[in-house]
Amino acid sequence: MNSSQEPSSENLTSGPGGRREFLRAAGLAGLALSVGTGLSACSEGGNSLVAPSLTARRAIVNGNNITLDFSMDIDVLNYAYALEQLEAAFYINVVTNASFGAIFSANEQRILNDLRDHEVVHRDFFKAALGTAAIPGLTPNFSSITFSDRMSVLSTAQTFEDLGVAAYNGAAQYIKRQDYLTVAGKIVSVEARHAAAIRGVLNGNRTGSFAPQAFDPALPPPQVLSSASSFIMQSITAINT
Amino acid sequence: MNTHKPILHALEASDPQLTESLVDHAISRRSALMKGAGASASLGMAMRLGSVPVALAAFASDAFGQSRLPAVVNNVLNFALVLEYLESQFYIRGVASGVVPPADMEIFTTIRDHEIAHVAYLRDALGPRARPSPTFDFTAGNGSNNGPYADVFTNYATFKAVAQAFEDTGVRAYKGQAPALQSYSNKAILTAALTIHSVEARHASEIRRLRGDFTDTEPFYEGWITESRNNIPGADAVYAGEDNVVHLGINVPSITPVSSKEITEAFDEPLTQAQVLAIVDPFIV
């Protein structure tokens, strides 16, 4: 294989310092708001941080009811932000549970700690990218999960990772901006890497479990939100899908 | 296969002129003979696997109404087809060669069958515009069969390393083409490509972990890519740019407490067609 230059991606996401990207990000992202988000469990509550009247281009938040309009790129990103919040909160609970060191091997702990890190990165990234257009911090409902039980954790992890892959695959068709599509693509393949690893741990590394189909599912947003709804206190509705 | 017949007719009736593309340039100077073994295995496997995702079915029905696929879509699908030919024939040979130990066979037959299904899908979608397979030299010797991976089918470590490079390249290749497919009004084809893209990422994760005997160890033997690190000789181009931490103009280390190393793991990076073709060029006769 030849050595080559780093990806130029000139028609995709411009690299660091790209002027247009910088200007756009400066307008879109409320960076200061996101600093210090930290690794604390996702417990920012369901209070509305964004008044619907402030801008037309943001999710409609009415108490605990959030409406995501898939005709707007911003809300497709909010959809991703919601799912990443859920995943990050889940893995934070997993790795901070008192039983974590007892029920998982050192190898499994490394994997789960990495997944926690990656999902926190995704969550913080979308929060920063959305700035004031971001939906509020969601309140997870993990009452159906026994965090001290290995199988409960791993099977939920598999569900979340496979759901995440299917969610991104199904949401891509709504994205209008190229750079948003590309960044979704940068993340979905990492979710797929996670899904494969968790499936291996749960079902056997030397089996075909890591990729059960030649084509992954692409699920419509309402179906994904329905699957996720029992894990989120707020009610999230997709429109214009 | 009856459901696909009208599509073929529609495409046959359309303008046969193929747009010049990077793929054409890369392949036209090579022998363009279809590999008989790969092609027939491909069709048989597609029949056996049978299922076509909903998104693909939607694409097929819409394609019937189109006079032709846009040139940009043909270009992307033929680009992807070259990679899928490469991967499918690599695993067909690898599985048949005896290089894979029995304990690991299910991993590679699974991947092989997926790549064969991808070839079959792309060939169906392209119809008469599907390009034939190049002839491959999996030693990366440009046809000498004595390239840097000369022992690829006799040394399991080499086989796994090349497999990882192919899978991680495939992920980056599909990712890089998503914006081109986004421009086509029929989004089902974008969705279909993405449902392949994430499967390639699953493959990559599995092979990376297998190379570490499922002792997940940073930076080489985890399912994800740390910085642009790799321990595959000659594969630096496969991982170039994977250490990027700026996305949508946001310098991610400034907005999260997670370390930069893990940030690079959390995002995979695209490659352009030219970058991908430079990577696979030594494997094409």
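Everything discussed here concerns the structure shown above.
Residues numbered from 1 in each chain as written. Chains lettered and ligands numbered in written order. Predicted model: local features only at pLDDT ≥ 70, side-chain atom pairs only at ≥ 80, totals over all residues. Heavy atoms only, no water.

Caption draft 1: Summary view of the overall build of chain A. Scanning chain A from terminus to terminus reveals 8 helices and 3 strands. Listed by position from the N terminus, the elements making up chain A come as α-α-β-β-α-α-α-α-α-α-β. The proportion of buried residues among the 241 residues of chain A is 60%. Carbon and sulfur atoms make up 52% of the accessible area of chain A, which amounts to about 9,000 Å² in all. (Helix = DSSP H or I, 4+ residues; strand = E, 2+ residues; numbered from the N terminus. Buried < 20%, exposed > 50% of the residue type's maximum accessible area, 1.4 Å probe, protein only. Areas by Shrake-Rupley, 256 points an atom, 1.4 Å probe, with all protein chains shown as cover.)

Caption draft 2: The arrangement of helix α6 (residues 105-126) of chain B in detail. All names here are of chain B. The end-to-end C-alpha distance of α6, which contains 22 residues, comes to 32 Å, matching closely the 32 Å that a straight helix rising 1.5 Å per residue would cover. Most of α6 sits out of view: 17 of its 22 residues are buried. Immediately downstream of α6, the backbone of Gly127 shows phi near 60°, a positive value. (Expected span 1.5 Å × (residues − 1).)

Caption draft 3: Spatial organisation of the environment of Phe104(A). Residue and element names in this part refer to chain A. One can find Phe104 in the loop between α4 (100-103) and α5 (106-130). Residues Phe104 and Arg150, 46 residues apart in the sequence, show an inter-C-alpha distance of 7.0 Å. For Phe104, the residues in contact, after removing those within four places along its chain, are Val94, Gln109, Leu112, Arg150, Val153 and Leu154. (Contact = heavy atoms within 4.5 Å.)

Caption draft 4: Highlighting the nonpolar core. Judged by nonpolar contacts, the single largest core of 155 residues is most densely connected at Phe90(A), Phe125(A), Phe90(B), Phe108(B) and Phe159(B). Among the elements that take part in this core, helix α3 (residues 73-96) of chain A stands out by supplying 16 residues, more than any other. For Phe90(A), the contacting residues outside a window of four places in its chain are Phe142(A), Ile145(A), Phe147(A), Val153(A), Thr156(A), Ala157(A) and Phe160(A). (Core = buried A, V, L, I, M, F, W, Y, C linked by side-chain atoms within 4.5 Å.)

Caption draft 5: Geometry of the interface of chain B and chain A. Taken together, the 81 residues of chain B in the interface contact 78 residues of chain A. Of the roughly 6,500 Å² buried where chain B meets chain A, counting both sides, 63% is carbon and sulfur surface. Sorting the residues of chain B by area buried against chain A places Arg202(B), Trp224(B) and Leu248(B) first, and these three jointly supply 14% of that buried surface. One salt bridge connects Asp168(B) with Arg193(A), and the closest N-O pair in it is separated by 2.8 Å. (Buried area = accessible area lost by both parts, 1.4 Å probe. Salt bridge = Lys/Arg side-chain N within 4 Å of Asp/Glu carboxyl O.)

Just distances and angles here, no functional claims.
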